[in-house]
Amino acid sequence: MAELIVRKAERGDAEAVAKLEQICFAAPWSEEALIRDMTENEMAAYVVAEYEEQIVGYVGLWIIIDEGHINNVAVSPQYRRQHIASRLIDKMLRWTESAGVKRHTLEVRAGNQAARALYEKFGFQEAGVRKGYYEDNGEDAVIMWRG
């Protein structure tokens, strides 16, 4: 049986990450935006999960001084509930903390209880709400912080 590989993303992963964006999000980033972010944005950091030579998940983050802002966490629908998101987040947290990041933040849809529980497992706590944050349906975002 193949093993899941969790590693830092490379420029060549951008197309697969863009496909995950299309599948997982109502307002996905374009492949061009992802390539720019992955190659030109010195603040950006990406980790991917690879299974049988296919990117099945990723997490993207921007490092701003000593804080990490997690932009997106995505796992292909057929690979969900296999702890891939946990492995991605764990790798990202360990990697960025070793690089000097002291606190992490993210926004999550208020109604996404599974994601909120996952983030709480890693020590994220609710810190506020952004009313009407999501453009596709006006849903609120819960702001969460860790550290």
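The rules behind these values
Residue positions are given per chain, counting from 1 as you read along its sequence in written order. Predicted model: local features are reported for residues with pLDDT of at least 70 only, side-chain atom pairs are reported and counted for 80 or more only, and whole-chain, interface and lining totals are derived from all residues. Only heavy atoms go into the side-chain values, all of them from the structure, while hydrogens and water stay out. Cavity and pocket criteria rest on a 1 Å grid covering protein atoms alone: a 1.4 Å probe that fits but cannot get out defines a cavity, protein on both sides within 12 Å along at least 5 of 7 lines defines an open pocket, and an atom within 4 Å of a point defines a lining residue. Grid points are joined across faces, edges and corners, and a volume is the space filled by probe spheres set on the points. Secondary structure elements follow DSSP: runs of H or I no shorter than four residues count as helices, runs of E no shorter than two count as strands, and numbering proceeds from the N terminus. Nonpolar residues are Ala, Val, Leu, Ile, Met, Phe, Trp, Tyr, Cys and Pro. Charged residues are Asp, Glu, Lys and Arg, and all others, Gly as well, are polar. Put simply, a salt bridge is a Lys or Arg side-chain nitrogen that is within 4 Å of an Asp or Glu carboxyl oxygen. Partly exposed residues are those whose accessible area sits between 20% and 50% of the maximum for their type, while under 20% is buried and over 50% is exposed, using a 1.4 Å probe and protein chains only.

Our next topic: the layout of surface pockets. Remark: the empty space left among the atoms is shown by a probe the size of a water molecule rolled over them. In this structure, the largest pocket occupies an estimated 1,300 Å³ of space. Along the walls of the largest pocket sit 36 residues, with Phe-25, Val-73, Asn-112, Ala-115 and Tyr-119 positioned nearest its centre. Among the secondary structure elements, those contributing two or more residues to the lining of the largest pocket are strand S4 (67-75), helix H3 (84-98), strand S5 (103-109) and helix H4 (113-121). Considering only residue class, the lining of the largest pocket consists of 22 nonpolar, seven polar and seven charged.

If charged atoms from side chains of opposite charge come close, those side chains can pair. The full count for this structure, using the stated rule, is 11 salt bridges. The closest approach of N and O atoms between Asp-13 and Arg-7, which form a salt bridge, is 2.8 Å. In terms of burial, Asp-13 and Arg-7 fall into one category: buried. We note a salt bridge from Lys-19 to Glu-15, for which the minimum N-O separation is 3.4 Å.

Further remarks concern unusual backbone geometry. Phi angles above zero are rare outside glycine, and Glu-52 is one such case at about 50°. Accessibility expressed as a relative area gives 55% for Glu-52, which makes it exposed. Phi at Ile-65 is positive, roughly 60°, even though this residue is not glycine. Checked against the element boundaries, Ile-65 lands in the loop between strand S3 (54-64) and S4. Taking the relative accessible area as the measure of exposure, Ile-65 reaches 81% and is therefore exposed.

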